Amino acid sequence: MPADGRRPAYAHPVLRIIDARTGDPVEAAPARRGLTRVEAHVPGLDDTAPRVLLVADTLVRALELGGTPVWALLDSAEQRPEVRAAAAALGVRPFEDGREAGRGLGGAQAVHVVAEDGTAPDTEGIRVAVAAVDGPAEGVDPDVLRLALLSTRRDLTARLDVTALQDARATLVRWRRAVAAWAREPSRPVPDEVRAELRTAWEDDLDVPGVLRVLRSVETSGLPSGARFETYAYADRLLGLELTRDLGAPA
């Protein structure tokens, strides 16, 4: 294992994730194209709930990008309308109600996304732990909040201080403008090596900060503008930041 304690990246196209039950990496979808059930468990709308929902949403996106069908469920004991409203504002795609859906399709692989210090479900399956959020999210632009939360590994406390939020806001504005400008140039495919770097990052324990580092490298690279556009559009299928939102806006 590297000196920084991180587990090595996995070059093969299999999403591996640390199971909080054992501390070991496991395959999030061992049967390729077999159904995986992703359940987000939040007791109510506390400070960490939006981050749990966001990690679950990102996990669903990563599995779907790998060709795995996913059944996304929300298990919330309290404030379910408020939890769903917070999830929608953050760009989290709709999850089915876990309590009403029951446990149908019981043969599916189950991945439970829970707060690190929260009550975990006493059921079989992989457990993905999400660290706490330090700082209020009230009044923060949801897109800025999403990027700020994605910028920290989920096993580390996400600090929503002024610096972090300002950096997320500036990055989001800059990237959206750049993507809109690159889109005016002839399209070019995502370079194979860049695609491999992106997938290696998110398939290594859902390392979203690693994905963002690849995008920062591409931003200042000598790649053709069309290739940079396609790279950002491809990565945004995982990030959900609407990086192509400003296409067609005046230069």
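A. Seen up close, helix H8 (residues 225-239). With 15 residues, H8 ought to run about 21 Å at 1.5 Å a step, and its terminal C-alpha atoms sit 20 Å apart, in line with that. With respect to burial, H8 is a largely interior element, eleven of its 15 residues being buried. All of the buried residues in H8 are Gly226, Ala227, Arg228, Phe229, Thr231, Tyr232, Tyr234, Ala235, Asp236, Leu238 and Leu239. Structurally, H8 contributes buried residues whose contacts are with helix H1 (49-65), helix H4 (142-150), helix H5 (162-182), helix H6 (192-203) and helix H7 (208-219). Immediately beyond the C-terminal end of H8, within one or two residues, lies Gly240, with a positive phi of roughly 65 degrees.

B. A look at H6. The end-to-end C-alpha separation of H6 is 16 Å, in line with the 16 Å expected for twelve residues at 1.5 Å each. Directly beyond the C-terminal end of H6, a positive phi value near 60 degrees is found at Asp205.

C. View of the pattern of salt bridges. All chains considered together, the criterion is met by 16 salt bridges. Ionic pairing is found between Arg61 and Asp57, a salt bridge with its closest N-O pair at 2.9 Å. In this pair, Arg61 and Asp57 are both assigned in helix H1, four residues apart and thus about one turn of the helix distant. Accessibility expressed as a relative area gives 12% for Arg61, which makes it buried. Across the pair Asp57 and Arg146 runs a salt bridge, and its minimum N-O distance is 2.8 Å. Taken as a pair, Asp57 in helix H1 and Arg146 in helix H4 lie far apart in primary sequence, 89 residues in all. On the basis of relative accessibility, which here comes to 0%, the residue Arg146 falls in the buried class. Counted as one network, the salt bridges with shared partners bring together Asp57, Arg61, Glu64, Arg93 and Arg146.

D. Region of interest: the sheet that holds strand E5 (residues 96-97). Strand order in the open sheet made by the five strands is E5-E4-E3-E6-E7, with parallel pairing throughout. The sheet is open, and its two edges are formed by E5 and strand E7 (126-130), each paired on a single side. Two strands pair when backbone bridges link them, and strand E4 (residues 70-76) and E5 are joined in this way by two bridges, in the parallel orientation. The residue bridging Leu73 from the neighbouring strand is Glu96, located in E5. Along the sheet, H1 contacts strand E3 (36-42), E4, strand E6 (109-115) and E7; its crossing angle with E3, the most-contacted strand, is approximately 170 degrees. Each of E3, E4 and E5 touches helix H2 (residues 80-89); the most contacted strand, E4, lies at about 135 degrees to it.

E. Unusual backbone geometry, seen in detail. Notably, Leu206 is not glycine yet its phi reads approximately 55 degrees, a positive angle. As for its placement among the helices and strands, Leu206 is situated in the loop between H6 and H7. Overall, the relative accessible area of 8% leaves Leu206 in the buried class. Positive phi, close to 55 degrees, is recorded for Glu242, a residue that is not glycine. With respect to the helices and strands, the residue Glu242 is situated in the segment after H8. With relative accessibility at 44%, the residue Glu242 sits in the partly exposed group.

The rules behind the values
Residues numbered from 1 in each chain as written. Predicted model: local features only at pLDDT ≥ 70, side-chain atom pairs only at ≥ 80, totals over all residues. Heavy atoms only, no water. Helix = DSSP H or I, 4+ residues; strand = E, 2+ residues; numbered from the N terminus. Expected span 1.5 Å × (residues − 1). Buried < 20%, exposed > 50% of the residue type's maximum accessible area, 1.4 Å probe, protein only. Contact = heavy atoms within 4.5 Å. Salt bridge = Lys/Arg side-chain N within 4 Å of Asp/Glu carboxyl O. Pairing = 2+ DSSP bridges. Axes fitted to C-alpha atoms, helices over the stretch in contact; angles between N-to-C directions.

Read these as geometric descriptors, not functional statements.
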